[in-house]
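# Descriptive structure summary
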Amino acid sequence: MTELTERELAVLALEAGGWRTQGAKEQAVRERLGISATRYYQLLNGLLDRPEALEHSPVLVNRLRRIRAARRAER
């Protein structure tokens, strides 16, 4: 198993934060990570499939996996 990079850890940390509005989160993504919101969500989605991310933050990753599965089931 490989370790998570600093950027991947930052993505998980940012996602764990509480956001009142979508705009505030997207602004934080640009300011803290220097990437677009689209790229952020691509990275986050990839992290959800990695055992290292699950080991690092099991509650967050499992919650996000459930949300992702529910959204896919709606389609």
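Above this text sits the structure in question.
As the structure is a prediction and not an experimental result, all values here were calculated from the model. (Residues numbered from 1 in each chain as written. Predicted model: local features only at pLDDT ≥ 70, side-chain atom pairs only at ≥ 80, totals over all residues. Heavy atoms only, no water.)

### Regarding the environment of L43
If you trace the backbone, L43 turns up in helix α3 (residues 37–47). For the pair L43 and L9, spaced 34 residues apart in the sequence, the C-alpha separation amounts to 11 Å. Residue contacts for L43: discarding those within four places in its chain leaves R7, V11 and I35. (Helix = DSSP H or I, 4+ residues; strand = E, 2+ residues; numbered from the N terminus. Contact = heavy atoms within 4.5 Å.)

### Examining the environment of R65
With respect to the helices and strands, R65 occurs in helix α5 (residues 58–74). As for R65 and D49, which are separated by 16 residues in sequence, their C-alpha atoms are 8.5 Å apart. Aside from chain neighbours lying at most four places away, what touches R65 is L48, D49, R50 and L54.

### A word on the pattern of salt bridges
Pairs can form between side chains of opposite charge once their charged atoms are near each other. Throughout the structure, instances matching the rule amount to 4 salt bridges. Among the ionic pairs, R68 bridges to D49, the shortest N-O distance being 2.7 Å. Linking R68 in helix α5 with D49 in the loop between α3 and α4 (51–56), this pair joins segments that are 19 residues apart in sequence. When salt bridges that share partners are traced, they join E8, R50 and E52 into one network. (Salt bridge = Lys/Arg side-chain N within 4 Å of Asp/Glu carboxyl O.)

### Some remarks on the nonpolar core
By size, the foremost hydrophobic cluster in this structure holds 17 residues, and its most contacted members are V11, L12 and Y40. Those elements that provide at least two residues to this core are α1 (6–16), α2 (22–33), α3 and α5. Counting residues per element, this core draws most heavily on α3, at 4 residues. What V11 contacts, discounting residues up to four positions off in sequence, is L33, Y40, L43, L44 and L47. (Core = buried A, V, L, I, M, F, W, Y, C linked by side-chain atoms within 4.5 Å. Buried < 20%, exposed > 50% of the residue type's maximum accessible area, 1.4 Å probe, protein only.)

### Quick notes on the packing of α1 against α2
The geometry of a pair of packed helices is captured by two quantities: the angle between their axes and the separation between those axes. Across the interface, α1 lies against α2 with an axial gap of 11 Å and an inter-helix angle of 155°. Taken as axis vectors, α1 and α2 run roughly antiparallel relative to one another. Like other packed secondary-structure pairs, α1 and α2 cross with a definite hand, here right-handed. Where α1 approaches α2, its residues A10, V11, L14 and E15 are matched on the opposing element by K25, A28, V29, R32 and L33. Of the residues belonging to the contact of α1 with α2, the class tally is 6 nonpolar, no polar and 3 charged. (Axes fitted to C-alpha atoms, helices over the stretch in contact; angles between N-to-C directions. Parallel < 35°, antiparallel > 145°, perpendicular 65-115°, else oblique. Left-handed = near helix turned anticlockwise from the far one by under 90°. Nonpolar A, V, L, I, M, F, W, Y, C, P; charged D, E, K, R; others polar.)

Everything listed here is a matter of geometry and, on its own, says nothing about what the molecule does.
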